[in-house]
Amino acid sequence: MRLANKIAVVTGAGSGMGKAAAMLFAREGARVAAADINEAQVKETAAEIGAAGGHAIAIRADVSKSEDARRMIDETVAKFGPPNIVYNNAGIEGDSNYVANMTEEQFDRVIAINLRGVFLGMKYALPHMVKAGGGSIINQASIAGMVAIKGGAAYSASKAGVIALTRVAALEYGRYNIRVNAICPGAIETPMAQRIRKGEPPKQHALNRISVFGRMAEADEIAKVALFLASDDASFATGAPFVIDGGWTIS
Ligand SMILES: NC(=O)c1ccc[n+]([C@@H]2O[C@H](COP(=O)([O-])OP(=O)(O)OC[C@H]3O[C@@H](n4cnc5c(N)ncnc54)[C@H](O)[C@@H]3O)[C@@H](O)[C@H]2O)c1
């Protein structure tokens, strides 16, 4: 088991990639603090992990709120001990609008959850990781943080911010044996992607444009990358944005 004796916090663990990672981390031996703003869904994740023989607690937390982010880490430490792995995955797509039509509230909401949420997750976990002698932080960015997507001013800015934040934290905390990396997924089949498609099935011509494989990825295909970054196999990886986009951005 690749995460035996590790303690992992996963945010946005009630759905999509966060849930897939929480389940995979637990299967690989980690004790998982599964956090999400959606209490019912994150309790379901923890229950599924328990039913499969793993160890998990469910924490209701809004990652954009300082007191929630702090409590998320404190509860993890109290229940399991200091986290070795923190996957700051929670995020929202927000409303799509061209810049002049985007309201300040729409912009601020996406930045608060996708960018400040990642900052707060690191801010409250890092002192424990420093004290414990090291660890791995994984921040969920997106290829939208590298290329422009119409209507995505807030989303793209938030994800580019996550990549920048990741680099700074990696530079600052390498000396404490803490690795900080970002994952930049392309199009992944999750409830978020289904909301963006408004329930429509994916169109083949669009799929061929967004991946050389002509399909979207399953959440598990990203969870496996998170597992690699969480594990000691990634011992020399830090400060890097890992693009996992099925070739979307190669041309
Ligand atoms: N699906 C894609 O194609 C795609 C591509 C690139 C990046 N991403 C990013 O991956 C991450 C996960 O996305 P997903 O597709 O699995 O989405 P999802 O909507 O299926 O899951 C996101 C989870 O985050 C939770 N969440 C939302 N706001 C929160 C908050 N304030 N505090 C705590 N939890 C909150 C939701 O309740 C949900 O359970 C997001 O950061 C998203 O931006 C998604």
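Keep in mind the model is a prediction, meaning the values are calculated, not measured.

Student: With reference to specific residues and values, describe unusual backbone geometry.
Tutor: Unusually for a residue other than glycine, Asn-5 sits at a positive phi of about 65 degrees. For Asn-5, a count of 10 C-beta atoms within 10 Å corresponds to the exposed category. At Lys-198, a position not held by glycine, the phi torsion is positive, near 55 degrees. When you line up the elements, Lys-198 lands in the loop between α6 (191-196) and α7 (204-210).

Student: Describe the site of the ligand, naming the residues involved and giving the relevant values.
Tutor: In the vicinity of the ligand, 30 residues are found, and the nearest of them are Gly-12, Gly-16, Gly-91, Thr-190 and Met-192. When residues of the shell around the ligand are traced back to their parent elements, those giving at least two are α1 (16-27), α4 (104-132) and α6.

Student: Got a sec to walk through the pairing of strand β4 (residues 85-88)? Specific residues and values, please.
Tutor: Side-chain positions along a regular strand alternate between the two faces of the sheet. Because side chains alternate across β4, one face comprises the buried residues Ile-85 and Tyr-87, and the other comprises Val-86 and Asn-88, equally buried. Here three bridges tie strand β1 (residues 7-11) to β4, and the two strands are oriented parallel to one another. For Ala-8, the partnering residue across the bridge sits in β4 and is Ile-85. Across four bridges, β4 lies against strand β5 (residues 135-140) in parallel orientation.

Student: Quick one: what's the story with the sheet that holds β4, residue by residue and with numbers?
Tutor: The parallel open sheet is built from seven strands, whose spatial order is β3-β2-β1-β4-β5-β6-β9. Every other strand in the sheet has two partners, leaving β3 (55-60) and β9 (241-244) as the edge strands with one partner each. Across the sheet, the mean angle separating the axes of adjacent strands is 15 degrees when strand polarity is ignored. Judged from the five bridges that link them, β1 and strand β2 (residues 31-36) form a sheet pairing that is parallel. Within the sheet, the bridge partner assigned to Val-10 lies in β2 and is Ala-34. Contacting β5, β6 (178-185) and β9, helix α5 (residues 153-173) crosses the sheet at an angle of about 165 degrees to β6.

Student: Please give an account of the nonpolar core that cites residues and values.
Tutor: Formed by 77 residues in total, the largest nonpolar core has its most connected members in Ala-8, Val-10, Ala-22, Phe-25, Val-32, Ala-34 and Ala-226. In this structure Ala-34 touches Val-10, Ala-13, Ala-22, Val-42, Thr-45, Ala-46, Ala-56, Ala-58 and Ile-59, once residues within four positions along its chain are discounted.

Student: Describe in detail the packing of helix α3 (residues 66-79) against α4, supporting the description with residues and values.
Tutor: Remark: α3 packs on α4, axes separated minimally by 9 Å, with the N-to-C direction vectors making an angle of 35 degrees. For the crossing formed where α3 meets α4, the hand is right-handed. Along the contact surface, α3 presents Ser-66, Ala-69, Arg-70, Ile-73 and Val-77, while α4 presents Leu-120, Gly-121, Tyr-124, Ala-125 and His-128.

Reading the values: rules and limits
- Residues numbered from 1 in each chain as written.
- Predicted model: local features only at pLDDT ≥ 70, side-chain atom pairs only at ≥ 80, totals over all residues.
- Buried ≥ 20, exposed ≤ 12 C-beta atoms within 10 Å, placed from the backbone.
- Helix = DSSP H or I, 4+ residues; strand = E, 2+ residues; numbered from the N terminus.
- Near = placed C-beta within 6 Å.
- Pairing = 2+ DSSP bridges.
- Axes fitted to C-alpha atoms, helices over the stretch in contact; angles between N-to-C directions.
- Contact = placed C-beta atoms within 7 Å.
- Core = buried A, V, L, I, M, F, W, Y, C linked by C-beta atoms within 7 Å.
- Left-handed = near helix turned anticlockwise from the far one by under 90°.

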